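Each chain, written out:
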Amino acid sequence: MSNDPLLQPYQLRHLRLRNRIMITSHEPAYPDDGMPKERYRAYHVERAKAGVALTMTAGSAAISRDSPPAFNNILAYKDEVVPWLRALTDECHEHGAAVMIQLTHLGRRTRWDKGDWLPVVSPSHKREPAHRAFPKRLEDWDIQRIISDYADAAERMHAAGLDGIELEAYGHLMDQFWSPLTNTLDAPYGGDLDNRLRFTFDVLRAIRQRVGSEFIVGVRYVADEMLAGGLSRDDGLAISRRLKDSGMVDFLNVIRGHIDTDAGLTDVIPIQGMRNSPHLDFAGDIRSATDFPTFHAARIADVATARYAIASGKVDMVGMTRAHMTDPHIVRKIIAGQEDSIRPCVGANYCLDRIYQGGAAYCIHNPATGRELTMPHDIAKAATRKRVVVVGAGPGGLEAARVAAERGHEVIVFEAASDAGGQVRLTAQSPRRHEMISLIDWRQTQCEALGVRFQFNTWAEADSVLAEQPDVVIIATGGYPDTEVVEHGSELVVSAWDILSGDIKPGRNVLLFDDAGDHAALQAAEVIASSGARLEIMTPDRSFAPEVMGMNLVPYLRTLQQQQVTFTVTYRLQQVYREGNQLAALIDSDYNDGQRDFSQTRLVDQVVVNHGTLPLDELYFELQPLSSNRGEVDYGQLIAGQPQTRLPNTEGQFQLFRIGDAVSARNTHAAIYDALRLVKDL
């Protein structure tokens with residue numbers, strides 16, 4: 001038996017959990033027609049196989065038709081969910097992991113134009129800013145109907161063989177009853193705290209009548225909204241004691257804060273550059289006050305912090321949810337004494353931001369997450385050893401080198417700079433995004449352990465590549481900033497990269513034209529604004545920085561608003577001229593019916609442009625005629641996970657491929673995914 005606190009079993013009533021690490025309820029938006037089918041099951045089973053004690057599905061599963069998911073969630077109000085969840089549960093059980101699910105009614109935290117177009121309901125007419133729907137105030141028959149829906153859903157989960165359920169009570173309907181900010185009902189469901197809690201206890205009684213006293217039921221809830229007029233810390237302690245004393249709840253899963261705005265949500269679920277485990281001490285206070293099983297998760301991204309959380313007695317089970325999206329094998333590696341090989345979560349929050357924009361959750365660091373049916377977390381050995389040359393040591397190039405080396409190939413990497421990293425190294429110069437460098441450091445460490453040979457400070461040319469006598473060449477050279485976006489005056493502008501790298505100092509009065517909507521513009525804006533410059537950020541888009549997405553946008557806006565930055569949407573930079581010792585930036589709009597109107601001219605001393613990148617592809621095209629495939633990729637074979645066999649040039653000496661921004665301007669995840677899905681079959 002290990003003495004590691006994380007590896008000690010935990011007894012939750014009759015359920016023995018094999019260690020103290022759990023995956024908290026979350027919805028990666030993988031359901032198919034609201035059902036947790038093969039893809040969903042494969043995602044959870046991968047983590048069960050690797051040793052996690054408890055995996056919680058759904059964040060959250062909808063229990064009523066008037067709780068339509070705002071994104072792709074499990075529909076627990078349908079009977080057909082039972083066999084799908086049973087298949088998932090049975091397979092996870094085979095690998096020793098317990099399985100639970102989170103149930104909820106979203107209340108006002110959804111939209112009326114989703115699902116069946118039923119009115120959104122809440123204990124008041126107050127709109128939630130994040131989802132914008134004005135709710136109908138609940139009537140008595142609504143309350144009774146929803147209580148019954150909770151009981152029906154719990155019965156389905158019991159029938160599916162799950163080990164338990166968790167009721168979601170922060171930001172959703174239960175919490176909307178609890179909080180005086182969102183409950184304007186009269187008694188018996190409004191008024192004092194006991195009345196505001198009545199709905200929850202009515203739900204719990206109805207559930208217990210259906211599933212009995214042995215089925216595990218917990219509550220994930222807010223114990224301090226951190227909002228003026230909302231639930232206070234004292235309210236949270238009182239709620240915690242009432243839940244325990246009810247005898248109907250088996251565990252408490254504690255959070256702190258509010259999620260009705262992007263800013264509030266980001267404080268509850270912090271991203272990179274924010275404090276790690278910011279609410280752990282608070283969760284410990286709840287456990288100390290209640291002496292009751294307490295779970296918690298909020299950016300506990302590393303094993304050391306998780307171990308401290310258990311060893312110090314702050315919580316009984318520690319959630320490492322985003323960390324397991326990055327590396328599903330955390331527990332296995334702890335047991336094997338391989339903690340140094342754990343792929344670190346960098347808090348980029350690509351996962352959550354994607355689902356809030358209607359996409360599936362993907363990890364910026366691990367493209368196999370969510371693609372377990374087609375992408376491997378463990379790389380298989382190739383039947384034939386090859387010599388692989390990779391040009392470029394950015395994230396895509398390093399991933400290509402790592403996967404090729406895991407396949408057993410001999411790998412040589414050429415990199416023009418003195419260090420690996422590419423654009424990520426530039427990104428990581430920002431103190432708030434410094435964790436991004438772990439994308440590079442982890443891959444480089446893995447490559448070095450696998451014997452990959454690096455040649456830094458080497459500008460790869462065709463002759464140097466050919467001298468290695470490669471079987472495969474992968475061009476991962478990235479791109480360079482595209483500033484040729486104005487009709488006149490391109491030579492007068494600088495790029496966001498120029499500012500980020502420090503090659504060009506910020507001006508005193510700056511216009512930053514962002515026509516890409518990604519991190520580069522906002523990072524450059526932070527540099528410019530922090531220098532004391534007057535700054536205007538302009539975009540032709542109708543929304544601000546759409547590629548950065550909601551939660552990642554929060555820290556930027558907090559910083560830039562404090563520095564009095566001006567934000568201008570729906571206007572486009574057209575021309576730049578010199579006017580004395582200043583620059584005249586001529587501004588136009590896509591909405592002016594084709595009639596030029598330069599009345600919006602800005603006089604500034606610096607114009608910064610962010611318009612993505614153009615591929616650094618000269619070497620690729622120089623090598624193309626010498627390659628056996630002429631750079632061609634068979635997309636059918638790529639998608640099917642088959643080796644590339646098209647060889648239109650039978651006299652070619654090697655296969656040639658390019659990935660990442662060397663193809664076109666995309667993002668870090670795309671570059672890493674390019675590398676994995678191509679090289680895993682070499």
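Note that the structure is a prediction, hence the values are computed from the model and not measured. Every chain is numbered independently, its residues counted from 1 as its sequence is written. The predicted nature of this model means local features are confined to residues of pLDDT at least 70 and side-chain atom pairs, given and counted, to a pLDDT of 80 or more, with totals for whole chains, interfaces and linings taken over all residues. The side-chain quantities take in all heavy atoms of the structure and omit both hydrogens and water.

Visitor: I keep staring at the nonpolar core and nothing clicks. Help me out?
Guide: Side-chain atoms within 4.5 Å link the members of a nonpolar core, which is a set of buried Ala, Val, Leu, Ile, Met, Phe, Trp, Tyr and Cys residues. The buried label goes to any residue with under 20% of its type's maximum accessible area, the exposed label to any with over 50%, and the partly exposed label to all in between, with areas taken from a 1.4 Å probe on protein chains only. Residues Ile101, Leu103, Ile165, Trp178, Phe199 and Tyr221 are the most contacted members of the largest nonpolar core, which totals 148 residues. Each helix is a run of H or I in the DSSP string that is no shorter than four residues. Each strand is a run of E no shorter than two, and both are numbered from the N terminus. Tallying contributions element by element places helix H5 (residues 193-211) first for this core, with 9 residues. By the convention used here, residues are in contact when the closest approach between their heavy atoms is within 4.5 Å. Once residues within four sequence positions are removed from consideration, Ile165 is found in contact with Met100, Ile101, Leu103, Ala154, Met157, Ile207, Phe215, Ile216, Val217, Gly218 and Phe251. Residues Ala529, Leu553, Tyr556 and Val608 belong to the second largest nonpolar core, which totals 25 residues.

Visitor: What is the right way to look at the UniProt feature "domain: NADH:flavin oxidoreductase/NADH oxidase N-terminal" (unreviewed entry) in the chain in this model?
Guide: The UniProt entry lists residues 6-339 under the feature "domain: NADH:flavin oxidoreductase/NADH oxidase N-terminal" (unreviewed entry), expressed in the numbering used here. Within the segment residues 6-339, helix and strand shares are 37% and 17% respectively, and the terminal C-alpha atoms sit 13 Å apart. UniProt positions are given in the numbering used here, feature names are shortened, and annotations may be inferred rather than shown by experiment.

Visitor: What's the story with helix H18 (residues 519-530) in this structure? I'm lost.
Guide: Residue pairs spaced three or four apart in an α-helix point in one direction, given the helix's 3.6 residues per turn. Spanning 12 residues, H18 covers 16 Å between terminal C-alpha atoms, matching the ideal 16 Å at 1.5 Å per step. Burial analysis of H18 places 10 of its 12 residues in the buried class, which makes it a mostly covered element. Of all the residues in H18, the buried ones are His519, Ala520, Ala521, Leu522, Gln523, Ala524, Ala525, Glu526, Ile528 and Ala529. Buried positions along H18 lie against helix H14 (423-427), helix H17 (496-501), strand S19 (509-514), strand S20 (534-539), helix H19 (550-562) and strand S25 (606-610). A helix is expected to span 1.5 Å multiplied by its residue count minus one.

Visitor: Could you clarify how one ought to interpret helix H22 (residues 668-679) in this entry?
Guide: For H22, with 12 residues, the first-to-last C-alpha span of 17 Å sits near the 16 Å given by 1.5 Å per residue. Within H22, 11 of the 12 residues are buried, which leaves it mostly tucked inside the rest of the structure. Within the span of H22, buried status applies to Thr668, His669, Ala670, Ala671, Ile672, Tyr673, Asp674, Ala675, Leu676, Leu678 and Val679. For H22, the side-chain oxygen to backbone nitrogen distance between the N-cap and His669 is 3.3 Å, and the N-cap itself is Asn667. Polar contact is the term for a pair of N or O atoms within 3.5 Å; when the atoms are in protein, one must be able to donate a hydrogen and the other to accept it, and sequence-neighboring residues count only if both atoms are side-chain atoms.

Visitor: Sorry, what's going on with the pairing of strand S3 (residues 21-26) here?
Guide: Moving residue by residue along a regular strand, the side chains alternate between the two faces of the sheet. Counting buried residues in S3 gives 6 out of 6 residues, a clear majority hidden from the surface. One requirement defines pairing of two strands: DSSP has to find at least two bridges between them. Where S3 lies against strand S12 (residues 317-319), 2 bridges are found, and the strand directions are parallel. Directly across from Met22, in S12, lies its bridge partner Gly319. Pairing of S3 with strand S4 (residues 54-62), which is carried by 3 bridges, proceeds in the parallel orientation. Note that in S4 the partner of His26 across the bridge is Thr57. With helix H1 (residues 38-49) bridging S3 and the parallel S4, this β-α-β connection has right-handed handedness. Crossover handedness is defined here as right-handed if the route from the first strand over the helix to the second strand goes clockwise, with the strands pointing away from the viewer.

Visitor: What should I look at first to understand the pattern of salt bridges in this one?
Guide: Oppositely charged side chains are able to pair whenever their charged atoms sit close together. Note on definitions: salt bridges are taken to be side-chain nitrogens of Lys or Arg within 4 Å of carboxyl oxygens of Asp or Glu. Under the criterion given, the structure shown has 43 salt bridges. The partner of Glu155 in a salt bridge is Arg210, with the nearest N and O atoms 2.9 Å apart. Here the residue Glu155 occupies a position in helix H3 (residues 140-159), and Arg210 occupies one in helix H5, the gap between them amounting to 55 residues. According to the relative accessible area criterion, Glu155 is partly exposed, its value standing at 37%. Assessed through its relative accessible area of 34%, Arg210 is described here as partly exposed. Linking Arg208 and Asp250 is a salt bridge whose minimum nitrogen-to-oxygen distance equals 3.0 Å. Of this pair, Arg208 sits in helix H5 while Asp250 is found in the loop between helix H6 (233-245) and strand S10 (251-255), placing the two residues 42 residues apart along the sequence. The buried category is assigned to Arg208, whose relative accessible area is 13%. Asp250 gets classed as buried once you look at its relative accessible area, which sits at 7%.

Visitor: What should I look at first to understand the environment of Arg542 in this one?
Guide: Considering the arrangement of structural elements, one finds Arg542 in the loop between S20 and H19. Once residues within four sequence positions are removed from consideration, Arg542 is found in contact with Val569, Thr570 and Tyr591.

Visitor: Would you take a moment to explain the sheet that holds S25 for this structure?
Guide: In sheet architecture, strand pairing relies on hydrogen bonds along the backbone and comes in two forms, parallel and antiparallel. The strand order S18-S25-S19-S20-S21 describes an open sheet built from 5 strands, whose pairing is parallel. Bordering the open sheet on either side are strand S18 (494-495) and strand S21 (566-569), each of which pairs with just one other strand. Note that S19 and S25 share 5 bridges and pair parallel. Note that in S25 the partner of Leu511 across the bridge is Val607. For helices, the fitted axis covers only the stretch in contact; all axes are lines through C-alpha atoms, and the angles between them, taken along N-to-C directions, range from 0 to 180 degrees. Here H18 sits on the sheet and contacts S19, S20 and S25; the angle it forms with S19, its principal contact strand, is near 170°.

Visitor: What should I look at first to understand the environment of Glu27 in this one?
Guide: Mapped onto the secondary structure, Glu27 falls in the loop between S3 and H1. For Glu27, a relative accessible area of 4% corresponds to the buried category. Apart from residues lying up to four places away in sequence, Glu27 is in contact with Tyr40, Ala58, Gly59, Phe71, Asn72, Asn73, Ile74 and Ile355. Separated by 3.2 Å, the side chains of Glu27 and Tyr40 make a polar contact.

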